[in-house]
Amino acid sequence: MSDRKFWLETMFMIIDPVLENLSQQKLKVKMPVEGETERVKFSYLEAFGRTLSGIAPWLELNSKNIDLNQREKKALEKYSGLARKSIKIAVDPESKDYMVFSDEIRQPLVDTAFLAQAIIRAPQELWQKLDKETKKNLTAALKSSRQIKPYYCNWLLFSAMIEAALAFMGEDYDSVRIDYAIRKHQEWYLGDGVYGDGPEFHFDYYNSFVIQPMLLDIIRVMKDKDPEIAELEAEVLSRARRYGEILEKMIAADGSYPPFGRSITYRFGVFQLLSQLGLNQQLPESLNPAQVRTALTAVIKKVMAADNIFDQNGWLNIGLYGKQPNLGEDYINTGSLYLASEVFLALGLPENSEFWSAPAEAWSAKKIWSGENVAADHAL
C-alpha cells in the first residue's frame, strides 16, 4: 500500500464517526464523551472543529484543477459534501446538533478557532460553496465567540484566528485582536524556533498544536491587509522551519516520539507543523519532502498499531498508544482527541507532488542510528 493510500484510509477511519453522524444530526446522540461531565456540551465542537481543520487542505483539492485517481476523487466529493452538511447543521440554531460557540466557561473559543482555521484552509469547499443561510449562521457563530476573553497565553491566537477568518470572509473584523496576538508572540519568542506559551516556557508540543501553525495561517491571510504583519512573515517562517527540524528529530527510528508535556493524547497531532510545512512547500533545506513523508508515515503506523485506539463504535479512546485514560488532563475529553487529524494536512498536496511521489527516504533518527554519516544539527 502506498503511503498516501495509508494516510487516507487512516484519516477516514478517524473522521468517519464525526462527519457521518453530524451530517445526519446524530452527533450528540451517538458520540460518547469520556472526561469531565461539565465539559460534555463543548466536546461536539471540539471533535468537529479539529477534524475539519486537519482535513481542510485535502478537501480543497476538490476545487482545484488537478488530476486525481477516481477512487480519491469520489472520496473527496463525498467528504466535501459531508463537511458542508455538517457545517450547516452545527451553526443552525434550530438543529439538534447546534453547537456551543460562547459560554462562561471559555472552551468554545478554542474550537471556534479551529473551525475558523478550517475555513481559511479550504476557502472554496468550506466557504464559497456554502449556501447563503449557512454563511450567515456561520458568521454569527464566529462573532458570538468574541464574548469570551482569552487566557494570556497561546489562547490569544484563537481570538486572532477567528478575526482573520472574518477578514477573509469579507466581514467586519477586529484588527487589534490580531495584532495583539502576533505582537505578544513576538515578545514571547525564546530562541531556536521556540515560543513560550505566554510569558512562561512549557516543555510540551503547543508550538505545533497551536502556536506556529496559527501564526503562519493568520499571517498568510492578513499580510495583504496589513503591511506591518507582512513584514513579520519571513521571520515567523524561519522560526517555524527550525521548529520543523526539531520535530523531525523527535521521531525515533521506530516511529515513536517523546511523550512529554500536556495534551499528549492528541497523538500524532504533535506533528501538525511539520505536515503544514510540507503542505506549504516550505520545509527547511535540511529536510527532503520524502524524508518527512516517510517519517510521518512511521509515526502514524506506530500510533495506529495499538489494539484499542478506538472504542467498539469507532470513536477515539483517550490515550497515546491505545486506551490510556490517565494520560488525559482534566480538560481532555473524546472531542479533544480529534486534534490528531492535523497530521493529515499534507494530503492537500496532489499525489504527483514530490512529497508523495519521491521514493521513501530514511529520516534523521533512522539515518543516525543506522550509522549513516549525517550533518550536525545547529541552532537557528
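Presented here is a report on the structure given in the accompanying data block. (Residues numbered from 1 in each chain as written. Predicted model: local features only at pLDDT ≥ 70, side-chain atom pairs only at ≥ 80, totals over all residues. Heavy atoms only, no water.)

**Some points on the overall build of the protein chain**
Piece 1. The number of helices and strands found in the protein chain is 16 helices and two strands.
Piece 2. In summary, the protein chain has a C-alpha radius of gyration of 19 Å against a globular reference of 21 Å for 380 residues, a match within 12%.
Piece 3. Across its three principal axes, the protein chain shows a C-alpha extent of roughly 60 × 50 × 45 Å.
Piece 4. Across the 380 residues of the protein chain, 59% fall into the buried class.
Piece 5. When contacts within the protein chain are restricted to residue pairs at least 6 apart in sequence, long-range pairs at least 24 apart make up 77% of them.
Piece 6. When the accessible surface of the protein chain is summed, it comes to about 15400 Å², and 49% of that surface belongs to carbon and sulfur atoms. (Helix = DSSP H or I, 4+ residues; strand = E, 2+ residues; numbered from the N terminus. Rg over C-alpha atoms; globule rule 2.2 N^0.38 Å. Buried < 20%, exposed > 50% of the residue type's maximum accessible area, 1.4 Å probe, protein only. Contact = heavy atoms within 4.5 Å. Areas by Shrake-Rupley, 256 points an atom, 1.4 Å probe, with all protein chains shown as cover.)

**Some thoughts on empty space enclosed by the protein**
Any empty space left between the atoms is revealed when a probe the size of a water molecule rolls over them.
Piece 1. Applying the stated criterion across every chain yields a total of one cavity of 30 Å³ or more.
Piece 2. Space inside the largest cavity adds up to approximately 30 Å³.
Piece 3. Taken together, Leu-109, Leu-142, Ser-145, Arg-146, Ile-148, Ser-159, Ile-162, Glu-163 and Arg-177 make up the lining of the largest cavity.
Piece 4. The greatest single-element share of the lining of the largest cavity, amounting to three residues, is contributed by helix α8 (residues 156-168).
Piece 5. Grouping the constituent residues of the lining of the largest cavity by class yields four nonpolar, two polar and three charged. (1 Å grid on protein atoms, 1.4 Å probe; cavity = no way out; pocket = protein on both sides within 12 Å on 5 of 7 lines; lining within 4 Å. Points joined across faces, edges and corners; volume = space filled by probe spheres on them. Nonpolar A, V, L, I, M, F, W, Y, C, P; charged D, E, K, R; others polar.)

**Details of the environment of Glu-233**
Piece 1. For Glu-233, the location among the structural elements is in helix α12 (residues 233-250).
Piece 2. Residues Glu-233 and Asp-217 lie 16 residues apart in sequence; the distance between their C-alpha atoms is 10 Å.
Piece 3. In this structure Glu-233 touches Ile-219 and Lys-223, once residues within four positions along its chain are discounted.
Piece 4. Among the polar contacts made by the side chain of Glu-233, one reaches the side chain of Lys-223 at a distance of 3.0 Å. (Polar contact = N/O pair within 3.5 Å; in protein donor to acceptor, adjacent residues only side chain to side chain.)

**A short note on the pattern of salt bridges**
For side chains bearing opposite charge, pairing can occur when the charged atoms are close.
Piece 1. Going through the model one piece at a time under the given rule, you end up with 32 salt bridges.
Piece 2. Asp-131 is paired through a salt bridge with Lys-88; the nearest N and O atoms lie 3.2 Å apart. Of this pair, Asp-131 sits in the loop between α6 (123-128) and α7 (132-144) while Lys-88 sits in helix α4 (residues 70-90); the two residues are 43 residues apart in sequence, bridging distant segments of the chain.
Piece 3. Accessibility expressed as a relative area gives 32% for Asp-131, which makes it partly exposed.
Piece 4. By relative accessible area, Lys-88 is classed as partly exposed at 41%.
Piece 5. The salt bridge partner of Lys-367 is Glu-361, with a shortest N-O separation of 3.1 Å.
Piece 6. We classify Lys-367 as buried; its relative accessible area is 14%.
Piece 7. Salt bridges here are not isolated pairs; linked through shared partners, they connect Lys-143, Arg-146, Glu-163, Glu-171 and Asp-172. (Salt bridge = Lys/Arg side-chain N within 4 Å of Asp/Glu carboxyl O.)

**Observations regarding the environment of Gly-244**
Piece 1. By secondary structure assignment, the location of Gly-244 is in helix α12.
Piece 2. Here Gly-244 falls in the buried class, since its relative accessible area comes to 0%.
Piece 3. Along the primary structure Gly-244 and Leu-287 are separated by 43 residues, whereas in three dimensions their C-alpha atoms are 8.9 Å apart.
Piece 4. Not counting chain neighbours up to four residues away, the residues in contact with Gly-244 comprise Leu-273, Leu-274, Leu-277 and Leu-287.

**Some words on the environment of Lys-64**
Piece 1. Relative to the elements of secondary structure, Lys-64 occurs in the loop between α3 (40-60) and α4.
Piece 2. Each C-alpha atom of the pair Lys-64 and Gln-124 lies 9.2 Å from the other, and the pair is 60 residues apart in sequence.

**Some thoughts on the packing of helix α5 (residues 108-121) against α8**
Geometrically, a packed helix pair is captured by the angle between its two axes and the distance between the axes.
Piece 1. Remark: α5 packs on α8, axes separated minimally by 8 Å, with the N-to-C direction vectors making an angle of 35 degrees. Remark: the crossing between α5 and α8 carries left-handed chirality. Counted together, Leu-109, Val-110, Thr-112, Ala-113, Phe-114, Ala-116, Gln-117, Ile-119 and Ile-120 of α5 and Phe-158, Ser-159, Met-161, Ile-162, Ala-165 and Phe-168 of α8 form the full contact between these two elements.
Piece 2. Residues that form the contact of α5 with α8 fall into these classes: 12 nonpolar, three polar and no charged. (Axes fitted to C-alpha atoms, helices over the stretch in contact; angles between N-to-C directions. Left-handed = near helix turned anticlockwise from the far one by under 90°.)

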